[in-house]
Amino acid sequence: MLPRTLYIRPSDLTKALEALEEHGPGARVIAGGTDLIPSMRARTQLPSCLVDIQGLGLDTITRTDGFVRIGAACTFSELARSGIIREMFPVLREAASAIGAVQTRNLATIGGNLSSAVPSCDSAPALYVLKARLTLISLRQQRAIPVEEFFQGPRRTVLAPAEILAWIDVPVPPDRSGSAFLKIGRRKALTLAIVNAAASVCLAKDGSTVEDATISLGAVAPTPLRARKAEALLKGCTWSEELVKEAAWVASGETSPISDIRASADYRRELCKVLVRRALTHAWKRALGGDQR
Amino acid sequence: MKRAIILVVNGTEHSVEVQPSDLLVDVLRDRLRLTGTKKGCGTGECGACTVLLDGKPVNSCLLLAIRCEGRQITTIEGLGTPDSLHVLQKAFIDNGAVQCGFCAPGMLLSAKALLDENPAPSEMDIRQALAGNICRCTGYVKIVKAVSSAARTMSGAEGGGR
Amino acid sequence: MNGSAIGVSRPRHDAVLQVTGRALYGDDYERPGMLYAKALRSRHPHARILKVDTSRALKLAGVKAVITAEDVPKNRYGFTHLDQPVLADDKVRYMGDVVAVVAATSWDAATEALDQIEVDYLPLPAVFDPVEAMKPDAPKVHGDSNIVSHIKIRSGDVTEGWRISSEIVEDVMRTQVVEHCHIEPHAALAELTDDGTYVIWSTVQRPFLIASDLSRILQYPMNKIRVITPAIGGGFGGKNEITIEPYVCLLAAKTKRPVKMVLSREEEFCGTTVRHPYIVKYRSGVTKDGKIVARQVEIISDSGAYVSWGESTLSKASIHAAGPYFIPHVRIDGYLVYTNNSIGGAMRGFGVPQVGFAYECHMDNIAAVIGMDPLEFRYKNLLTDNSSLPTGQVLEFVTLRETVRKAVELVGWKKEVEWE
Ligand code: FES
Ligand code: FES
């Protein structure tokens, strides 16, 4: 028993944007609906009109020069299954497989996951370390922004009214680089992250100097974050277990977690240390070419 | 704002009038009287409402019926009948994988989708495929056993999967 | 069959219907002309009800009737204490209390009507911690004390027990609230037939208890109340007592149409019974050779807003509280305390899991304090044939020691145990 609403299935993207414009601030995009439908049921969201963006061609994964374009309406099952993603961005495949359960992954989309902007959003840390760019489209303009500039706070993004997240461009990672995603929740499926973390490591030609590293954490601040101090600490240094431990410790200090029903702030800070250490280590192994999965 | 749509359920076309806000689970149960699809939470958490949409398991409590036009919906009523059980149904009975039975329709459809894609799943594959279906009675062990025994039966007997 | 079913696995006789989706559960039933009912629950954990106005709701299209406390012939029920209203009258005592129920021609119409019922509340101070609730100046949930019952079990003389103990160990354990979470939510459908019989299809574990409670609530002869239990999607004690049956009966009588009601998962959490959270204090005295000679137990059971099965579960917990050990000097005090929390009711084990968890943790702690292997310590104190319980009951045919030995053997316990 959902509150009544209008429903529009536009035939192309322009018509979808027109419909959003026409129906004003009460209009909402529906993609997978796994976040929107329960919110409507709980009456925390009461859209006057739903604009369906399925079947508008936003559900493809295509490889272009230097980057891969992922349509915002791609489901997590499609992402997890995609050969391109598996081969090039295992970190994203790990994030996609960590969301919900089979049934929800068959519906939920990556664009919807980002747009819902919950702090525990699993796709964000993966996209942060891949340095993805998001393309936002409205009738008036089309703009591309780094994924980190998308979130403004819990359930708040930079999306203007009648603007939608259309696709995500992920640059092809440089040679000698690797990345990984990890999540801890109260159970292994159908759960929000207590903490999630992603890391990427790019090694210099010598195979042991860290040329570049990125670390991202979720559910430990109002938005997903980059642990820049920890990243800076790693850059230019020779890889060692000690170094990684210290970076994980620094990364944990860059968070501002809260205590809630899922875990206490202290527990989250501890988890950050563990997850960052493990994510960096996986990423490093992948950079060495020792572990592709 | 009612709209007439055609839903294809278990191979049969049904024409129904729906509100855009009507959920697939309610249309299946209340309008088409296909009550084998169960509702345990209404929020995508329990999996009792699982149906197959174009062969893939989804939560019918999270799906607007109006969005399912032109797609193939399979419910438990379409899996097998008391006179002609699907191998999975038989395996659930033989392995004692059913207690109260309320989770069974959803479990069976998730299991069916798994075996369609992966005829020889490991225990971990089975557990992951069923992670979106909660069973409060059995403790899952016998359900996992039933699915792997069905997989063996199906791969042993060609075409035994109906 | 040749008599023997022992050692043979037999399939459930209804399994074929279950796996084919043909088994009919509560919400799968419908009757021609059926109405749909929805409950309006309290907005406050504790408040006086000043006024309930249903007039606006009644004017809505599709709404056929709204019931409030005035419609209930006998507005109190309960297994041991008649303290729970079918529909809240003077006060609401927890967030799950139902103030009004609407019957309408669709779920949507019934849901929309809830917003149109106006209830004036005077919020009252509430109490959520049973220890606070026991204090004399705590807000009172009912009457003038929140302590509903005090169960005492005494055997021997604990003062003497402490005197002969070489070590005394104390522990406090707390258990949490647990909701049954049967995957099938409560559902009930009632019809008043032409000959004046109520026929009720309801997801209950105990149809005859429901019939007798309904008979009292409706003030209607029990032989004209027929409760049918369809397939049940799990109960675990959560479907052990009356919940929504009175509403559908009252509405069926008022509208002369069959009425169905189904709880949402949210209502299952806030408006049905849970496993009581317990606070259990243990104090045990042991001799040098590891014999428990005295044990004192205090149990505080959070009953929530009403008693439901609280007193019976607490009795059972108290009887079990000393554990499966022979202890000559025992003193057990169980307190059932009202709070403005969810109502504690029956759930698997009926009070015993709470104390079982507590006394076994306590046993481990004692073993650690006296430096004895936890298994040997337990074995030494196990009940045997002719042991008496703190209640005075003398036991026969006790096979605890054999059971423990067999378990140790099957588990492959870490060390050789020397059985005395
Ligand atoms: S009813 Fe759909 S997942 Fe529980
Ligand atoms: S058999 Fe009861 S929930 Fe699975």
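So, here's what we can say about the structure.

Rules of the game
Residue positions within a chain follow its written sequence, with the count starting from 1. Whichever chain is written first is A, and whichever ligand is written first is 1; the rest continue in order. Local features in this predicted model are restricted to residues of pLDDT 70 or higher, and side-chain atom pairs are both shown and tallied only at a pLDDT of 80 or more, whereas totals for entire chains, interfaces and linings draw on every residue. Heavy atoms from the whole structure form the basis of all side-chain values; hydrogens and water molecules are not counted. The contact criterion used is simple: two residues touch if any of their non-hydrogen atoms lie within 4.5 Å. In short, buried area is how much 1.4 Å probe accessible area vanishes from two parts on joining, totalled over both. Basic side-chain nitrogens of Lys or Arg form a salt bridge, by our definition, when they fall within 4 Å of a carboxyl oxygen of Asp or Glu. In DSSP terms, a helix is any run of H or I states spanning at least four residues, a strand is any run of E spanning at least two, and both are numbered starting from the N terminus. Residue polarity follows a fixed list, in which Ala, Val, Leu, Ile, Met, Phe, Trp, Tyr, Cys and Pro are nonpolar, Asp, Glu, Lys and Arg are charged, and the others, Gly among them, are polar. Angles here are taken between N-to-C directions and fall from 0 to 180 degrees, while the axes themselves are lines fitted to C-alpha atoms, restricted in helices to the stretch in contact. Each angle is binned into one of four classes, with values under 35 degrees roughly parallel, values over 145 roughly antiparallel, values of 65 to 115 roughly perpendicular, and all other values oblique. Less than a right angle of anticlockwise turn of the near helix away from the far helix marks a crossing as left-handed, whereas a clockwise turn marks it as right-handed. Residue exposure (1.4 Å probe, protein chains only): buried if accessible area is under 20% of the type maximum, exposed if over 50%, otherwise partly exposed. Think of it this way: DSSP has to see at least two bridges between two strands before they count as a pair. Aromatic pairing here means that ring centres of Phe, Tyr or Trp (its six-membered ring) are within 6.5 Å. Orientation follows from the plane angle: under 30 degrees is stacked, over 60 is edge-to-face, and everything else is tilted. Either the NZ atom of lysine or the CZ atom of arginine qualifies as a charge over a ring when it sits within 6 Å of the ring centre and within 35 degrees of the ring normal.

## A look at the interface of chain A and chain B
Quoted interface sizes are often the accessible area lost when the parts come together.
Alright, step 1. Between chain A and chain B, the contact holds 29 residues from the first and 34 residues from the second.
Alright, step 2. Across the chain A/chain B interface, buried area totals approximately 2,500 Å², and carbon plus sulfur atoms make up 56% of it.
Alright, step 3. Per-residue buried area on chain A facing chain B is highest for Y7, Q103 and L107 of chain A; these three make up 26% of the total on that side.
Alright, step 4. Taken together, the links from chain A to chain B amount to two salt bridges.
Alright, step 5. Elements with a contribution of two residues or more to the side of chain A that touches chain B: β1 (6-8), α2 (36-41), β3 (49-52) and α6 (102-105) of chain A.
Alright, step 6. Of the residues assigned to the side of chain A that touches chain B, the class counts are 15 nonpolar, eight polar and six charged.

## Side note on the packing of helix α11 (residues 374-381) of chain C against helix α12 (residues 400-411) of chain C
Residue and element names in this part refer to chain C.
Alright, step 1. Between α11 and α12, the shortest axis-to-axis distance is 10 Å and the interhelical angle comes to 160°. Taken together, the axes of α11 and α12 lie roughly antiparallel to each other. Here α11 runs over α12; the crossing is left-handed. Residues L375, Y379 and K380 of α11 touch α12, and the partners they reach there are R401, V404, R405 and V408.
Alright, step 2. Looking at the contact of α11 with α12 residue by residue, the class counts come to four nonpolar, no polar and three charged.

## Details of the pattern of salt bridges
Alright, step 1. All told, the structure shown has 50 salt bridges over all chains when counted by the stated rule.
Alright, step 2. Residues E117 of chain B and R81 of chain A are paired through a salt bridge, measuring 2.9 Å at the closest nitrogen-oxygen approach. Taken together, the residues span two chains, with E117 of chain B in helix α3 (residues 104-117) and R81 of chain A in helix α3 (residues 76-81).
Alright, step 3. A relative accessible area of 59% means that E117 of chain B is categorised as exposed.
Alright, step 4. Across the pair R31 of chain B and D22 of chain B runs a salt bridge, and its minimum N-O distance is 3.7 Å.
Alright, step 5. What makes R31 of chain B partly exposed here is its relative accessible area of 35%.
Alright, step 6. Linked by salt bridges that have partners in common, R29 and K38 of chain B together with D27, D28 and K260 of chain C make up one network.

## Quick notes on the sheet that holds strand β5 (residues 98-104) of chain C
All names here are of chain C.
Alright, step 1. An order of β3-β5-β1-β13-β10-β11-β12 is seen for the seven strands of this open sheet, with the pairing classed as mixed. Each end of this open sheet is capped by a strand with a single partner; those strands are β3 (63-67) and β12 (225-228). The mean angle between the axes of side-by-side strands here comes to 20°, regardless of whether they run parallel or antiparallel.
Alright, step 2. Each of β1 (35-41), β3, β5 and β13 (259-262) is contacted by helix α3 (residues 107-114), which is oriented at about 25° to β1, the strand it contacts most.
Alright, step 3. Contacts between helix α6 (residues 207-218) and the sheet are confined to β11 (198-202) and β12, with β12 contributing the most and set at about 145° to the helix.

## Considering the environment of L108 of chain B
Alright, step 1. Examined against the element boundaries, L108 of chain B turns out to sit in helix α3.
Alright, step 2. Look at L108 of chain B and you get buried, because its relative accessible area is 0%.
Alright, step 3. When the C-alpha atoms of L108 of chain B and C135 of chain B are compared, they prove to be 12 Å apart, with 27 residues separating the residues in sequence.
Alright, step 4. L108 of chain B has contacts with I76, L79, L88, Q89 and F92 of chain B together with V19 of chain C, leaving out every residue within four places of it along the chain.

## Looking at the pairing of strand β16 (residues 292-304) of chain C
Residues and elements named next belong to chain C.
Alright, step 1. Burial analysis of β16 places 11 of its 13 residues in the buried class, which makes it a mostly covered element.
Alright, step 2. When strand β15 (residues 278-286) meets β16, the two strands line up antiparallel, connected through nine bridges. Note that in β16 the partner of S284 across the bridge is R295.
Alright, step 3. The turn joining β15 and β16, which pair antiparallel and follow one another in sequence, is formed by five residues; a positive phi near 85° is taken by G290.
Alright, step 4. Bridge analysis of β16 against strand β17 (residues 329-338) gives 10 bridges, and the strand direction is parallel. Within the sheet, the bridge partner assigned to E298 lies in β17 and is D333.

## Structural notes on unusual backbone geometry
All names here are of chain C.
Alright, step 1. A positive phi angle is found at C181, which is not glycine, with a value near 55°.
Alright, step 2. Positionally, C181 belongs in the loop between β9 (178-179) and β10 (187-192).
Alright, step 3. The exposure class of C181 is partly exposed, given its relative accessible area of 22%.
Alright, step 4. Although it is not a glycine, F350 adopts a positive phi angle of roughly 55°.
Alright, step 5. As for its placement among the helices and strands, F350 is situated in the loop between β17 and α10 (352-370).

## Here's the deal with helix α2 (residues 87-94) of chain B
Each α-helix winds once per 3.6 residues, and so residues spaced three or four apart point in a common direction.
Alright, step 1. Summarising burial for α2 of chain B: six of the eight residues are buried, a large majority.
Alright, step 2. When α2 of chain B is considered as a whole, its buried residues turn out to be V87, L88, Q89, A91, F92 and I93 of chain B.
Alright, step 3. Residues of α2 of chain B that are buried in the fold lie against α3 and α5 (141-156) of chain B together with α1 (15-19) of chain C.
Alright, step 4. G96 of chain B, located one to two residues past α2 of chain B, shows a positive phi value of around 65°.

## A look at the packing of aromatic side chains
Alright, step 1. Scanning all chains against the criterion turns up 10 aromatic pairs over all chains.
Alright, step 2. Judged by centre distance (4.8 Å) and plane angle (10°), the rings of W239 of chain A and W284 of chain A are stacked. With W239 of chain A in the loop between α9 (228-234) and α10 (241-253) and W284 of chain A in helix α11 (residues 265-287), this pair connects stretches of sequence that are 45 residues apart.
Alright, step 3. An aromatic cluster of at least three residues, connected via ring pairs, comprises Y128, F150 and F151 of chain A.
Alright, step 4. The lysine or arginine in question, R136 of chain B, covers the ring of F236 of chain C, its NZ or CZ lying 5.7 Å from the ring centre.
Alright, step 5. Sitting over the face of the ring of Y379 of chain C, R401 of chain C holds its NZ or CZ atom 4.9 Å from the ring centroid.

## Some points on the sheet that holds strand β14 (residues 225-226) of chain A
Residues and elements named next belong to chain A.
Alright, step 1. The four strands are arranged β11-β12-β13-β14 in an open sheet whose pairing can be described as antiparallel. Looking at which strands have only one partner, the edges of the open sheet turn out to be β11 (177-185) and β14.
Alright, step 2. The strands touched by helix α5 (residues 90-98) within the sheet are β11 and β12 (193-203), with β11 carrying the most contacts at an inclination of about 15°.

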